[in-house]
Amino acid sequence: SGFLHTAATRVVSHFGRSPWGLFWALGCFSACLTVLIPDDIVTMTLTPITIRMCQLFALPEVPFLFSQFFAGNIWAVTLVTGNPTNVLLAEDLGDTFVSFAARMGVPGVAAGLVSFALMYITNRTKVDVRADPTGREAGLELAALDAGDGPGEAAPSHSALGRFESVAAASAPSSLAGQDSEGDGDGERSSLGSRHHSPEGERGSARDGTFTRTGVFCLVRVLTATLICALESVHGLPVYLVVLIMGACSIVVDGLIDAAFVADTLRHMPWELFSFVTGFLVLAEAMSVTGISLALASVFLPLAHTKSVAYVSGFVTMLFCNLFETLPATLIVFKMIDSVPQWKPAAIAAAGVHGAGFRAARRAALSAVIFGSNFGANTACIGSLGGLMMRRLAAMQGVVVTNGMLLRQGIPVMIPTMFVACWVLVNWSEV
């Protein structure tokens, strides 16, 4: 429907009067979106817009890409809807939408604020640096400074912002699917026409950068799904089932209105990545069956009686995300936690007065897995579907993002951020 693309373009156009304004606009917009919809979708939406904006303003793409990517993954821990792994662990913890937010909200906000400060420190010499336009690939229009700007002026001009809005509108939202993103303007507008099967007025509105009725309707559905999830204690349906029902109903309704729109939506889904995740899930389950998870569980034993075990759980999960994908890594650590003898229900019941400590330690460990599964995506492209899609979409637009780049940016940001999140969880949150 183009709603997210239009909203992102509006934010960038409004705040994009300086490189740092664009940097923070992308980060804050990503952080706000990810509390409503999964972080991988946020990354897929913002990556093409971010790259086009940077190319138009002759700014380095990678710091701006990492700004929105990091914020989306970090702030995703605050609500259960932020990431599929949140849903998986919330089910085992017996959390409702509200109880999850009550426990994870404060650590999530603290981690988000710390990450913003660290992103500024690690990028303070990169964001204002203008790229050399002489080596740009032919066909990319670079913005010029206003006539009165001096050679050291870093702020994008108003004319540049106008050109960005035009280019962004022309590329919406076919670039979100990662297709035809390297073509020229006419090719992108043609791709847009094939993407939307709504009436001509709707397509024209999307190209003009205005919100369409379809886009607003899609936003209302997302907000409705979030509201229904928040009322879990009333209707008793788990979060994953609510989202599944809403998704199925949306497909039926959209199909009755415009079957071609549904076909296009399903056609642009990254189906090939599902097989990637499924394969890793099979490998993770095999580790559990063969007893490897039980052997690995020994890392928790020295702190099995205290909530401080959250530090071990969080960093172990973040490490595993660099070896596997987020969902398999989460499953492996989850099996490790289930294998700790002191944390089994019978052992907790037999522990008497010490049982409460073991129970709180297990819950802290599971909560920290949520941190690790979200934060770990910021240290390797393999860490999440969003990271893989960001790399793929960036490559389609001539931007190279390597694991080394992500690791060099992620380590100095994510290690302190993980420590702060775990510290707040252990000392301030009611586990």
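Residues numbered from 1 in each chain as written. Predicted model: local features only at pLDDT ≥ 70, side-chain atom pairs only at ≥ 80, totals over all residues. Heavy atoms only, no water.

Caption draft 1: Spatial organisation of the packing of helix α16 (residues 309-321) against helix α17 (residues 326-338). Axis separation between α16 and α17 bottoms out at 8 Å; the angle between their running directions is 140°. Accordingly, the angle class assigned to the pair α16 and α17 is oblique. Considering only the axes of α16 and α17, their crossing is right-handed. Within the contact between the two elements, α16 uses S313, V316, T317, F320 and C321 and α17 uses T326, A329, I332, V333, M336 and I337. (Axes fitted to C-alpha atoms, helices over the stretch in contact; angles between N-to-C directions. Helix = DSSP H or I, 4+ residues; strand = E, 2+ residues; numbered from the N terminus. Parallel < 35°, antiparallel > 145°, perpendicular 65-115°, else oblique. Left-handed = near helix turned anticlockwise from the far one by under 90°. Contact = heavy atoms within 4.5 Å.)

Caption draft 2: Examining the environment of F97 more closely. Topologically, F97 is positioned in helix α6 (residues 97-123). Separated by 134 residues in sequence, F97 and L231 have C-alpha atoms that sit 7.4 Å apart.

Caption draft 3: Quick peek at the packing of helix α4 (residues 61-75) against helix α21 (residues 403-427). Running from amino to carboxyl end, α4 crosses α21 at an angle of 40°, the nearest separation of the two axes being 12 Å. Judged by the inter-axis angle, α4 sits oblique to α21. The chirality of how α4 crosses α21 is right-handed. Packed against α4, whose contacting residues are V62, F66, F69, F70 and I74, the element α21 presents M405, L406, Q409, G410, V413, M414 and T417 at the interface. Partitioning the contact of α4 with α21 into residue classes produces nine nonpolar, three polar and no charged. (Nonpolar A, V, L, I, M, F, W, Y, C, P; charged D, E, K, R; others polar.)

Caption draft 4: Fine view of α21. Counted at 1.5 Å a residue, the expected span for α21 with its 25 residues is 36 Å, and the 34 Å between its end C-alpha atoms agrees. Where α21 bends most, at G410, the angle is about 45°, and the proline P412 comes one to four residues later. When α21 is considered as a whole, its buried residues turn out to be L406, Q409, G410, V413, M414, T417, M418, A421, C422, V424, L425 and V426. Of the surrounding elements, those touching the buried residues of α21 are α4, α6, α16 and α19 (355-375). (Expected span 1.5 Å × (residues − 1). Bend = angle between axes of the 7 residues up to and from the residue. Buried < 20%, exposed > 50% of the residue type's maximum accessible area, 1.4 Å probe, protein only.)

Caption draft 5: Seen up close, the packing of aromatic side chains. On inspection of all chains with the given rule, the structure shows 13 aromatic pairs. An aromatic cluster of three or more residues is present, and its members are W20, F23, W24, F64, W75, F116 and Y120. (Phe/Tyr/Trp six-rings, centres within 6.5 Å; stacked < 30°, edge-to-face > 60°.)

Caption draft 6: Looking closely at the side chain of N73. Among the structural elements, N73 can be located in helix α4. Judged by relative accessible area, N73 falls into the buried class, the value being 1%. Residues contacting N73, with those up to four places away along its chain left out, are D39, N374, F375, A377 and N378.

Caption draft 7: Representation of the nonpolar core within the structure. Counting 85 residues, the largest nonpolar core has F64, F70, W343, F371 and F375 as its most contacted members. Here this core takes ten residues from α19, the largest share from any one element. Apart from residues no more than four positions distant in its own chain, F375 is found in contact with N73, I74, V77, A111, M318, M414, T417, M418 and A421. (Core = buried A, V, L, I, M, F, W, Y, C linked by side-chain atoms within 4.5 Å.)

Caption draft 8: Here's a closer look at the environment of F217. Inspection of the secondary structure puts F217 in helix α10 (residues 213-230). Using a relative accessible area of 37% as the deciding quantity, one classes F217 as partly exposed.

Caption draft 9: Representation of the pattern of salt bridges within the structure. This structure, assessed with the given rule, holds four salt bridges. As a salt-bridge pair, R363 and D95 come within 4.0 Å of each other at their nearest N and O atoms. With a gap of 268 residues between them, R363 in helix α19 and D95 in the loop between α5 (84-93) and α6 connect regions that are remote in the sequence. Under the relative-accessibility criterion, R363 is labelled partly exposed at 21%. On the accessibility criterion, D95 (7% relative accessible area) is buried. Overlapping salt bridges bring together D92, D338 and R362 as one network. (Salt bridge = Lys/Arg side-chain N within 4 Å of Asp/Glu carboxyl O.)

Caption draft 10: Region of interest: the side chain of S339. With respect to the element layout, S339 can be found in the loop between α17 and α18 (345-350). What makes S339 buried here is its relative accessible area of 15%. Once you skip the residues sitting within four places of it in the chain, S339 turns out to touch S293, L294, A297 and K344.

Caption draft 11: Seen up close, a nonpolar patch on the surface. There is a patch of nonpolar side chains on the surface, built from F217, V252, V253, L256 and I257 and spanning about 510 Å² of accessible area. Take the nonpolar patch: its biggest share by element is four residues, from helix α12 (residues 239-257). (Patch = residues over 30% accessible without salt bridge, like charges linked within 9 Å, V, L, I, M, F, W, Y side chains within 5 Å. Areas by Shrake-Rupley, 256 points an atom, 1.4 Å probe, with all protein chains shown as cover.)

Caption draft 12: Geometry of α4. In this model α4 runs 22 Å from its N-terminal to its C-terminal C-alpha over 15 residues, within 8% of the 21 Å that 1.5 Å per residue would give. The buried fraction of α4 is high, at 15 of 15 residues.

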